[in-house]
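For reference, the chains in residue letters:
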Amino acid sequence: MENKEVYRAISAILQDADQMQNNSNSQGNWLNLLKDVAYDIDDLIDELATNALQKKTNQSISEKVSYRTSHISLRLRSSHKFEDIRKKLDQIASFKRDFQLTEHPMQVEMFHSPNTFSFVNKARVVGRETAQREVIDIVLRLSSGSSPGLSVLPIVGLGGIGKTTLAKLVLNDPQIGEQFETKLWAYSSEKYELKKLIEAIIKFASTLESQLGSGIEELQKQLHDILQGQRLFLVLDNMWIKDWNQWNELKDLLESGAAKGSVVLVTTRNAKVASMLSADRPAYVLTHLSSEDCWSIFSRCVFKEGGEQTYPHLVNIGKLIVDKCGGVPIGLYSYNSSAP
């Protein structure tokens, strides 16, 4: 069974278990194990899809050599992850009969991410200076180009890799403020709804939430009043839209109110979404942090000043934890938040 099929089957069984509402400790532990595997599969699928997209965007010889090196590393990591997942699935399968759980057909939705905001504490961000400069350079080139319509730049990468943080850094950079008259931010949930997304954009631009229009026509007029033919820089965070027609509705609405040179920066962990949103240019693929940057984040979270010298025996343990996180920043912060 392919990993996507396994993911759907796991989600179906989870729904069945939740409906039973059995509060026993044993079943609770079993459900937690199953959810962990679902997350593992979801992340692995995203990592492979992102790597495939990165292959398409690499053009120079040096980039191709770098890609081949990272691809070999990915294949090694993936084979170990596949083996770990299969072992967990074997263990889960042996427990399934004990709880009389069965699979029911269902519409599988992706796990929900928390809503986001545009503020960023730059002092806490590590290892994204190069990515920030590169994305800003692309945005400024797009804004100064000859394209008469709205330009779109997707940032694609694994969940927790730092796409939202990078988008915040770009939005709050002085160069962006100088180039664009209007800067907006909106979070898009996994279940795309045009009306809710327009509302989110308007709410960011105005504190008059009580005066939001009740219908799509009223909201459209309010959005046009905000844009007023100005050059727009809009961040759409966590996009999952896969319907071309739905995307064109939003894009046409923005283009009709914004000036030439406007740019939309989109973050997504789905490579297919990134390709659809910007078919005429490659997405920006955000890669893993270096080991040095990961250790800098981890040590800052865990050790107080001078703590590495005070507890040298914990440093080696900490570095093992950093290696396990695989260059994904959220794993480091999650460990710190869950540590006793």
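The structure under discussion appears in the preceding block.
Quick caveat, the model's predicted, so the values are computed rather than measured.

Enquirer: Which parts of the structure should I look at to understand the environment of G326?
Expert: Relative to the helices and strands, G326 resides in the loop between helix 13 (312-325) and helix 14 (329-338). Here G326 falls in the partly exposed class, since its relative accessible area comes to 38%. Taking the C-alpha atoms as reference points, G326 and H288, 38 residues apart in sequence, are found 7.4 Å from one another.

Enquirer: What is the right way to look at helix 4 (residues 129-144) in this model?
Expert: Side chains that are three or four residues apart share a direction in an α-helix, a result of its 3.6 residues per turn. Over its 16 residues, helix 4 runs 23 Å from end to end, which matches the ideal 22 Å to within 8%, given 1.5 Å per residue. Listed as buried for helix 4 are A131, Q132, V135, I136, V139, L140, L142 and S143. For helix 4, the buried positions fall inside an angular range of 160° around the axis, keeping them on one side. When the buried face of helix 4 is taken as reference, the exposed residues oriented beyond 90 degrees from it are R133, R141 and S144. The inward-facing, buried residues of helix 4 abut strand 1 (151-156), helix 5 (163-171), helix 6 (174-179), strand 3 (232-237), strand 4 (263-268) and strand 5 (284-285).

Enquirer: Teacher, can you tell me more about the pattern of salt bridges here?
Expert: Pairing between side chains of opposite charge can happen when the charged atoms of each approach one another. Under the defined criterion, the tally for this structure stands at four salt bridges. Taking the shortest distance from any N to any O, the salt bridge between K196 and E193 comes out at 3.7 Å. A relative accessible area of 52% places K196 in the exposed class. Among the salt bridges present, the one from E199 reaches K195, with a minimum N-O distance of 2.8 Å. One end of the pair is E199 and the other is K195, both in helix 7 (residues 194-205) and four residues apart, which spans about a single turn. Using a relative accessible area of 15% as the deciding quantity, one classes E199 as buried.

Rules and cut-offs
- Residues numbered from 1 in each chain as written.
- Predicted model: local features only at pLDDT ≥ 70, side-chain atom pairs only at ≥ 80, totals over all residues.
- Heavy atoms only, no water.
- Helix = DSSP H or I, 4+ residues; strand = E, 2+ residues; numbered from the N terminus.
- Buried < 20%, exposed > 50% of the residue type's maximum accessible area, 1.4 Å probe, protein only.
- Expected span 1.5 Å × (residues − 1).
- Arc of directions from axis to C-beta.
- Contact = heavy atoms within 4.5 Å.
- Salt bridge = Lys/Arg side-chain N within 4 Å of Asp/Glu carboxyl O.

Such coordinate-based values are descriptive only and should not be taken to indicate function.
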